[in-house]
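# Structural overview for review
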Amino acid sequence: MAPGKITARIKKTLPVRGPQAPTLRELMRWYCLNTNTHGCRRIVVSRGRLRRFIWILLTLSAVGLILWQCAELLLNYYSASVSVTVQFQKLPFPAVTICNINPYKYSSMKDYLSELDKETKKALETFYGFSEGKTKVRRAAGDWNGTESLFFRHVPLLRFENSFRAATDLRSGRKRKVEGSVFHKDSSIVNSGDSNDIIGFQLCDANNSSECALYTFSSGVNAIQEWYKLHYMNIMAQIPLETKEELSYSADDLLLTCFFDGLSCDKRHFTRFHHPLHGNCYTFNSGENGTVLSTSTGGSEYGLQVVLYIDEADYNPFLVTSTGAKIIVHDQDEYPFIEDIGTEIETAAATSIGMHFTRSRKLSKPYSDCTETGADIPVENLYNKSYSLQICLHSCFQKAMVESCGCAQYAQPLPNGAEYCNYKKNPNWMYCYYRLHEKFVKEQLGCQQICKDACSFKEWALTTSIAQWPSTVSEDWMLRVLSWDKGQKINKKLNKTDLANLMVFYKDLNERFISENPANTLVILLSNFGGQLGLWMSCSVVCVIEIIEVFFIDSFSIVMRRQWQKAKKWWNHRKRDETGKPPEVGDAEQQGHDNPACSDEDLPTFNTALRLPLPQEGHPPRTPPPNYSTLRLETAFTEQLPDTLEAGQH
């Protein structure tokens, strides 16, 4: 028989795998078993239809994603188009709150403050020799003995000696011993008296007269002003809110002219709110009606321009020492803390305020200790505005004030069920307030530890410039026109010291946004893991899934199957011992699954059969492999081939 025919018959009998495989099916099977593409191999060697279906689905999904991403990359690579975006944006105009520095008209408040003003003038006359219409001569303390001094009786003004062991009562002129903690407040006003004169007052606990605090000032003016403010707040706390709104300035009183974005505006564009320390304040663009104005052009001509009537002649001479107005730029949802961060506007001047808008956002936990809405802060918001650190601190102090002193401090909103302090109902409130405020400043109340910064906030950076207004050449006609515009509401010609010109505008429409982003995200983490696995082990996502399947699922199955076989074997041995029958041979043993030469995944082929191990003597395998060590025809074929019959006949 020809050698070629014999080789062909052998290849037909034994399947040949590899690049020489006779069919596409065998070629694909060989590729899947030998390729480095893990998904294809798992499709072939996986047992069970469900596993095979899952691997087919994963492999096809991966192929689809690869084709899609490659197509996107090719399209972007060969694309030569250029896109240019021009965007005109409108910035929301902030809320602008304006307050007169003088909170209430002095002419309307005289009935409430007449006694306090009299005693204040007496104190000034005693210390400075001040007297209206008279020369500067100090008044003797004994001149007060015939008058009733209600306010000095509650909080007497004292001149302290250097040792702070003794002090002289300015009203009676008597010396007395004083005890208590000393709190000295520096003065910005130069002392006009002797360098050894230290003026202040003593506050004691009404329930324990030995508990006292001494508040001293290097200037008698500052001491008298602080003393005046204490009694002033005590008086104002007893006046109803409706009455105080009538005593303060109306929108017609404060506003003379108004322009916004080149168009005229009036008091209807302003919203009134009452501030305890600044009286009636007016907010432009408050958004109360749901509409927030915006501007699409920068520059002073397209912002807010107002002329304010200050009315310096109606100022309280003891409460405020400067003339003008205070403004604050804020968001519509923010409370205007004008007493903390307000900007003062001068009279007889044009004040231009240019703004830059910045939005900031910080990441909350675990990146920073900020709060989103303040809902996680155990402090009640008393201002009915969006959360801020200042709102939290002021609300926390007011809460501590109500709990410790039994009443609320006048300069902050009133909590539910509380009332403002006055020494008719709360004779101890002044001492309690000063001691509590001292703890607050030293961060001993715990408010600074409880309150947190807001994660997101808006900020307007202000640039202020001032020019003389009106000019000398235009002063005459401008004041006449403004007096005519004011109409019959005043019976005199306006003075330039009663007027203030204010302009608030965007310097440009560039909005700056500052945000925090995490340096490490889940995507970056997976990318780093993928880079390390690919660099050191040439591993992909499919490889990871394969590892999970083999080392976890399959390993667990094998362990459980071994345990089940051991348990079954133990049970059979126990049953055999009880019945005395010989052990039964299992199906696995009959099929020779314990033969190390057999493999479920890679069956013997023509090329691998010759490398199979020979049977050991005395212990032949139950499923011996075919013996292809010789090509003798009598062992390889059961019937004689036709071509050999023809050769034998010849």
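Residues numbered from 1 in each chain as written. Predicted model: local features only at pLDDT ≥ 70, side-chain atom pairs only at ≥ 80, totals over all residues. Heavy atoms only, no water.

On a plain count of helices and strands, the chain comes out with 19 helices and 22 strands. Burial statistics for the chain: of 650 residues in total, 38% are counted as buried. For the chain, the proportion of contacts with a sequence separation of at least 24, taken over those separated by at least 6, is 70%. By element, 54% of the accessible surface of the chain is carried by carbon and sulfur atoms, the whole surface being about 40200 Å². (Helix = DSSP H or I, 4+ residues; strand = E, 2+ residues; numbered from the N terminus. Buried < 20%, exposed > 50% of the residue type's maximum accessible area, 1.4 Å probe, protein only. Contact = heavy atoms within 4.5 Å. Areas by Shrake-Rupley, 256 points an atom, 1.4 Å probe, with all protein chains shown as cover.)

To continue, consider the state of the cysteines. The final tally for this structure, using the stated rule, is seven disulfides. A disulfide bridge connects Cys99 with Cys281, and the sulfur atoms are separated by 1.8 Å. The chirality of the disulfide connecting Cys99 with Cys281 is right-handed, given an S-S dihedral of about 120°. One end of the pair, Cys99, is in strand β2 (residues 95-100); the other, Cys281, is in strand β12 (residues 279-284), with 182 residues separating them in the sequence. On the basis of relative accessibility, which here comes to 0%, the residue Cys99 falls in the buried class. (Disulfide = S-S within 2.5 Å.)

As a further point, take the pairing of strand β17 (residues 349-361). Of all 13 residues making up β17, 10 are buried, and the element is well covered by its neighbours. Bridge analysis of β17 against strand β20 (residues 456-468) gives 13 bridges, and the strand direction is antiparallel. When the bridges of β20 are listed, Ala350 appears paired with Ala467. The pairing of β17 with strand β21 (residues 499-506) spans six bridges and is classified as parallel. If you follow Gly354 over to β21, its bridge partner there is Phe505. Examined bridge by bridge, β17 and strand β22 (residues 512-515) share four bridges and lie parallel to one another. If you follow Arg361 over to β22, its bridge partner there is Ser515. (Pairing = 2+ DSSP bridges.)

This part covers the confidence of the model for the chain. Per-residue confidence for the chain averages 78 on the pLDDT scale, and 74% of its residues sit at or above 70. Mean pLDDT across the secondary structure elements of the chain bottoms out at helix α18 (residues 633-636), with 46, and peaks at β2, with 95. A low-confidence stretch, residues 133-147 (pLDDT under 50), is modelled with 32 contacts involving residues beyond four sequence positions or located in other chains. When the criterion is pLDDT under 50, residues 587-602 qualifies, and its contacts beyond four places in sequence or with other chains add up to 17 contacts. (pLDDT = per-residue confidence, 0-100.)

A word on the environment of Pro103. Relative to the assigned elements, Pro103 resides in the loop between β2 and α5 (106-128). Among the residues examined, Pro103 registers a relative accessible area of 1% and is labelled buried. Separated by 144 residues in sequence, Pro103 and Leu247 place their C-alpha atoms 8.9 Å apart. Those residues within four positions of Pro103 in sequence are excluded, and the remaining contacts are Tyr232, Ser248, Tyr249, Leu277, His278, Gly279, Asn280 and Leu319.

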